[in-house]
Amino acid sequence: MPTRTPYLENERGIPGTLLRSRRFAGRIRIDDRGNAIFPHFDADGLSGVEIKNQGFTGFSTGGTRALWTSHIQDGDNRIVFAESAIDALSHAASFPDQETRYASISGEPNLKQRELIRSEVAKMGPAGAVIAAFDADDCGRELTEVLRAAVALTGRSDLRFEIQTPEGRLKDFNDVLRQPRGVAADHGPKQSLG
């Protein structure tokens, strides 16, 4: 677990205490170049790492995008899906909740990721909430529909599906964290899928 994460703390405004919390232990690394490293996991384990730094986003050579996730803890009753791990961490910093876990897909999902999303949603406890916290753009709206479909595929009528988007002209939840203006919740009534 990193003791200092300069890019995430200084450039992205994510509190160091959050980055070093039990929820995110081992889910954020820093390489010798100061890049933030976010491990992706599939059903077989580590599948690759997303690499982020100022002006740079990459993925490990030979790796496969799967899901970046926080740790599951007893009592979790919500899962927030974001486009990037930085957005998920920013959501966690902006709207702290000890019973929420986080996941990101790092862009447009491949077929394997769609199944991993469904599987992650299916792990939710009874009457859990699944939150779509994607970017406020066309890609974010498409990802919201991918997540909505994944929730429906679980066959779980007890799960609530909710949408949270940044307000105003803010694009993502890192913008919300760095320029707090709130969040617009859901574009309609809360839904139970079944």
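How each quantity is defined
- Residues numbered from 1 in each chain as written.
- Predicted model: local features only at pLDDT ≥ 70, side-chain atom pairs only at ≥ 80, totals over all residues.
- Heavy atoms only, no water.
- Helix = DSSP H or I, 4+ residues; strand = E, 2+ residues; numbered from the N terminus.
- Rg over C-alpha atoms; globule rule 2.2 N^0.38 Å.
- Buried < 20%, exposed > 50% of the residue type's maximum accessible area, 1.4 Å probe, protein only.
- Contact = heavy atoms within 4.5 Å.
- Areas by Shrake-Rupley, 256 points an atom, 1.4 Å probe, with all protein chains shown as cover.
- Pairing = 2+ DSSP bridges.
- Core = buried A, V, L, I, M, F, W, Y, C linked by side-chain atoms within 4.5 Å.
- Polar contact = N/O pair within 3.5 Å; in protein donor to acceptor, adjacent residues only side chain to side chain.

Asker: What am I meant to see in the overall build of the protein chain here?
Answerer: Each helix and strand counted, the protein chain has six helices and 11 strands in total. The globule rule puts the C-alpha radius of gyration for 194 residues at 16 Å, and the 16 Å found for the protein chain is close to it. The C-alpha extent of the protein chain, read off along each of the three principal axes, is 45 × 40 × 35 Å. Of all 194 residues assigned to the protein chain, the portion counted as buried reaches 52%. Taking as baseline every contact in the protein chain between residues at least 6 positions apart, the subset at least 24 positions apart corresponds to 61%. Counting every atom, the protein chain has about 9200 Å² of accessible surface; 49% of that belongs to carbon and sulfur.

Asker: How should I be thinking about the side chain of S47 in this particular structure?
Answerer: Within the fold, S47 resides in strand β3 (residues 45-53). For S47, a relative accessible area of 13% puts it in the buried group. For S47, the contacting residues outside a window of four places in its chain are H40, F41, D42, G63, T64, R65, A66 and K112.

Asker: Please explain the pairing of strand β7 (residues 100-104) as it appears in this structure.
Answerer: Two faces make up the sheet, and in a regular strand the side chains alternate between them. Of all five residues in β7, five are buried; the element is thus mostly enclosed. Taking every second residue as pointing to the same face, both faces of β7 are buried, with T100, Y102 and S104 on one and R101 and A103 on the other. Looking at chain direction, strand β5 (residues 68-69) and β7 are connected through two bridges and run antiparallel. Its bridge partner being in β7, T69 is matched across the sheet by A103. Both strand β6 (residues 78-82) and β7 contribute to a ladder of five bridges, which runs parallel.

Asker: Help me understand the nonpolar core, please; the structure alone is not making it clear to me.
Answerer: Generally speaking, nonpolar side chains in soluble globular proteins are found buried as a group. Judged by nonpolar contacts, the single largest core of 25 residues is most densely connected at L8, I14, F24, F38, W68 and L89. Where this core is concerned, the elements lending two or more residues are α1 (6-11), α2 (16-19), β2 (36-42), β6, α3 (85-94), β8 (129-132) and α6 (173-178). When residues of this core are assigned to their parent elements, the largest contribution, five residues, is made by α3. Ranked by size, the runner-up nonpolar core spans 21 residues in total, among them I79, A103, M124 and V151.

Asker: Looking at this structure, I do not really get the sheet that holds strand β4 (residues 56-59). What am I missing?
Answerer: Consider a sheet: its strands pair through backbone hydrogen bonds, and that pairing is either parallel or antiparallel. Sheet architecture is open: four strands sit in the order β1-β2-β3-β4, paired in antiparallel fashion. At either margin of the open sheet sits one strand with a lone partner, and together these are β1 (29-30) and β4. Bridge analysis of β2 against β3 gives seven bridges, and the strand direction is antiparallel. Its bridge partner lying in β3, I37 is registered against I51.

Asker: Help me understand the environment of S70 in this model?
Answerer: On the secondary structure map, S70 appears in the loop between β5 and β6. What makes S70 buried here is its relative accessible area of 3%. In this structure, the C-alpha to C-alpha distance between S70 and T5, residues 65 residues apart in sequence, is 17 Å. Setting aside its immediate chain neighbours within four residues, S70 contacts R23, F24, R27, R101 and Y102. Within the structure, the side chain of S70 is placed 2.9 Å from the backbone nitrogen of Y102, a separation counted as a polar contact.

Asker: Can you walk me through unusual backbone geometry in this structure?
Answerer: Note on backbone geometry: most residues besides glycine have negative phi, and most peptide bonds are trans. Look at S106: it is not a glycine, yet its phi comes out positive at around 65 degrees. Inspection of the secondary structure assignment puts S106 in the loop between β7 and α4 (111-122). We note that A127 has phi near 60 degrees; this positive angle belongs to a residue other than glycine. Positionally, A127 belongs in the loop between α4 and β8. Looking at A127, the relative accessible area reads 45%, which means it is partly exposed.

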